[in-house]
Amino acid sequence: MTIISLQHVTKDYGHGRGIFDISFNVEKATVYGFLGPNGAGKTTAIRHIMGFSKPQQGIVTVNGLNSWTNASTIQEKLGYLPGEVALPEHLTGEQFIRMMMDLRKVNDDTHCKKLIDFFELDASGRIKRMSLGMKRKLAIVTAFMHDPNVLVLDEPTSGLDPIMQQRFINFVREEKKRGKTILLSSHIFTEVDATCDEISIIKDGHVISSFNKLELLKMTEKVFHVKVKNALDYKQLGQLIESNTDFHLVNKNESAFELQIGCYPNNLSRLIKLLAAIPILSFNEVPFSLEKHFMEFYDRRVGGELP
Ligand SMILES: Nc1ncnc2c1ncn2[C@@H]1O[C@H](COP(=O)(O)OP(=O)(O)OP(=O)(O)O)[C@@H](O)[C@H]1O
Ligand SMILES: [Mg+2]
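To keep things clear, this report deals only with the structure shown in the data block.

1. Considerations on helix 6 (residues 162–177)
Moving on, step 1. The end-to-end C-alpha distance of helix 6, which contains 16 residues, comes to 23 Å, matching closely the 22 Å that a straight helix rising 1.5 Å per residue would cover.
Moving on, step 2. Along helix 6, the positions that sit buried rather than exposed are M164, F168, I169, F171, V172 and E175. Relative to the axis of helix 6, the buried residues are bounded by an arc of 165° and lie together on one face. Relative to its buried face, helix 6 has exposed residues pointing more than 90 degrees away, namely P162, I163 and K177.
Moving on, step 3. In the core, the buried residues of helix 6 are packed alongside strand 3 (31–35), helix 4 (110–118), helix 5 (132–144), strand 7 (150–154), strand 8 (181–186) and helix 7 (189–195).
Moving on, step 4. The N-cap of helix 6, judged by a side-chain oxygen 3.1 Å from the amide nitrogen of I163 a few residues on, is D161.

2. Some thoughts on the site of ligand 1
Moving on, step 1. Within the structure, ligand 1 sits among 13 residues, and G39, K42, T43, T44 and H187 are positioned closest to it.
Moving on, step 2. Residue T43 places a side-chain N or O atom 2.7 Å away from an oxygen atom belonging to ligand 1.
Moving on, step 3. Between an oxygen atom of ligand 1 and a side-chain N or O atom of H187, the distance comes to 2.7 Å.
Moving on, step 4. Taking 640 Å² as the accessible area of ligand 1 by itself, protein coverage stands at 63%.
Moving on, step 5. Counting only elements with at least two residues in the shell around ligand 1, the list comes to strand 2 (17–27) and helix 1 (42–49).
Moving on, step 6. Of the residues forming the shell around ligand 1, the biggest block, three residues, is contributed by helix 1.
Moving on, step 7. By residue class, the composition of the shell around ligand 1 is three nonpolar, seven polar and three charged.

3. Considerations on the sheet that holds strand 12 (residues 247–253)
Moving on, step 1. Ordered in space as 12-13-11-14, the four strands form an open sheet in which the pairing is antiparallel. The open sheet terminates on both sides in strands that have one partner only, identified here as strand 12 and strand 14 (280–286). Averaged over all pairs of adjacent strands, the angle between strand axes in this sheet comes to 25°, irrespective of strand direction.
Moving on, step 2. Bridge count between strand 11 (residues 222–228) and strand 13 (residues 258–263): six bridges; the pairing is antiparallel. Directly across from F224, in strand 13, lies its bridge partner I261.

4. Overview of the environment of S5
Moving on, step 1. Looking at the secondary structure, you find S5 in strand 1 (residues 2–14).
Moving on, step 2. Looking at S5, the relative accessible area reads 10%, which means it is buried.
Moving on, step 3. A sequence separation of 21 residues divides S5 from V26, and the C-alpha atoms of the two residues are 6.4 Å apart.
Moving on, step 4. Here S5 is in contact with F24, N25, I59, V60 and T61, once residues within four sequence places are set aside.
Moving on, step 5. Polar side-chain contacts of S5 include one of 3.1 Å to the side chain of Q7.
Moving on, step 6. Separated by 3.0 Å, the side chains of S5 and N25 make a polar contact.

5. Some thoughts on the sheet that holds strand 6 (residues 79–81)
Moving on, step 1. The strand order 6-7-8-3-9-10 describes an open sheet built from six strands, whose pairing is mixed. In the strand order of this sheet, the two ends are held by strand 6 and strand 10 (206–212), each with one partner. In this sheet, neighbouring strand axes are inclined to one another by 10° on average, regardless of whether the strands run parallel or antiparallel.
Moving on, step 2. Contacts from helix 6 reach strand 3, strand 7 and strand 8 within the one sheet, and its direction differs from that of strand 8 by about 150°.

6. Remarks on the pairing of strand 9 (residues 198–203)
Moving on, step 1. Judged by how many residues are buried, strand 9 sits mostly within the fold: five of six residues are covered.
Moving on, step 2. For strand 3 and strand 9, the ladder comprises four bridges, and the chain directions are parallel. Each bridged residue has a counterpart across the sheet, and for Y32 the counterpart in strand 9 is E198.
Moving on, step 3. The pairing of strand 9 with strand 10 spans six bridges and is classified as antiparallel. Pairing of I201 across the sheet is with S209, part of strand 10.
Moving on, step 4. Counting the residues that bridge the hairpin from strand 9 to strand 10 gives two residues, and of these D204 lies at a positive phi of roughly 50°.

Conventions and cut-offs
Residues numbered from 1 in each chain as written. Chains lettered and ligands numbered in written order. Predicted model: local features only at pLDDT ≥ 70, side-chain atom pairs only at ≥ 80, totals over all residues. Heavy atoms only, no water. Helix = DSSP H or I, 4+ residues; strand = E, 2+ residues; numbered from the N terminus. Expected span 1.5 Å × (residues − 1). Buried < 20%, exposed > 50% of the residue type's maximum accessible area, 1.4 Å probe, protein only. Arc of directions from axis to C-beta. Contact = heavy atoms within 4.5 Å. Polar contact = N/O pair within 3.5 Å; in protein donor to acceptor, adjacent residues only side chain to side chain. Near = heavy atom within 4 Å. Areas by Shrake-Rupley, 256 points an atom, 1.4 Å probe, with all protein chains shown as cover. Nonpolar A, V, L, I, M, F, W, Y, C, P; charged D, E, K, R; others polar. Pairing = 2+ DSSP bridges. Axes fitted to C-alpha atoms, helices over the stretch in contact; angles between N-to-C directions.

See below:
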């Protein structure tokens, strides 16, 4: 069931800035990651989902409601964490929480207290004197305090220390298990990888790639470099690999008796069993950096293919 839907959404700010013909759906109880460099259009897309901005073309719906014409309902119901948090500096954290609870008509503060403990938020002092991380925690607690079913989080972990980032990742996973639908934007691939089911990469206002976790797992195929003793063993191993659909031959060097074998993690034991039957001189994994791969992807021009 589709909860958030963007269909051909365009907002052209001129000079190539904005978002152009963006389409994607976020399904119920999934986490959708929006990954892209600075200025890519993540916040712009999110602002359209929240109904803060009217698309020039296309339509954005949340639970079937048009985000622009139903902006107040959307903003009341959704949990929203803005990228740049603007909080009333003169209030204390506690006063702000109380104010937001009143606004959101939250009577029971049990859930809110749990969030405060979980994120180790010290809400006692004035917001003005809070560290950046503490302000972000306050905004996170505010986004989740009414236990919303749909959450839109713009770079939720920015400003959090590594321990808190990890805690947030665990939290998002738990919320998903509770049936929550979450869209989050990020620059950090590992964070998106750890939480999201579906991922879109946005660059220069265009979605240049969308894929789900299964496709991502395919990309994380491991590659092993194997060296054997002689031409006979080389030939035998090559034939064994090529005739087995669990593996594939990535590369070979006949004169050096070397093969590179691609294997998904769930077939690893089978590969090891197969190799055990042949005298092996050396065996090592070819390091593959997904992050590096994505960095390259970031750099590609609009219109790049799926990695
Ligand atoms: N109100 C506006 N008027 C004019 N240009 C805008 C406006 N809002 C955003 N832009 C431009 O649109 C582009 C996308 O901005 P956006 O804030 O959506 O990027 P982002 O992906 O969220 O980047 P970041 O990672 O830095 O937060 C940028 O070039 C930005 O300068
Ligand atoms: Mg942004």
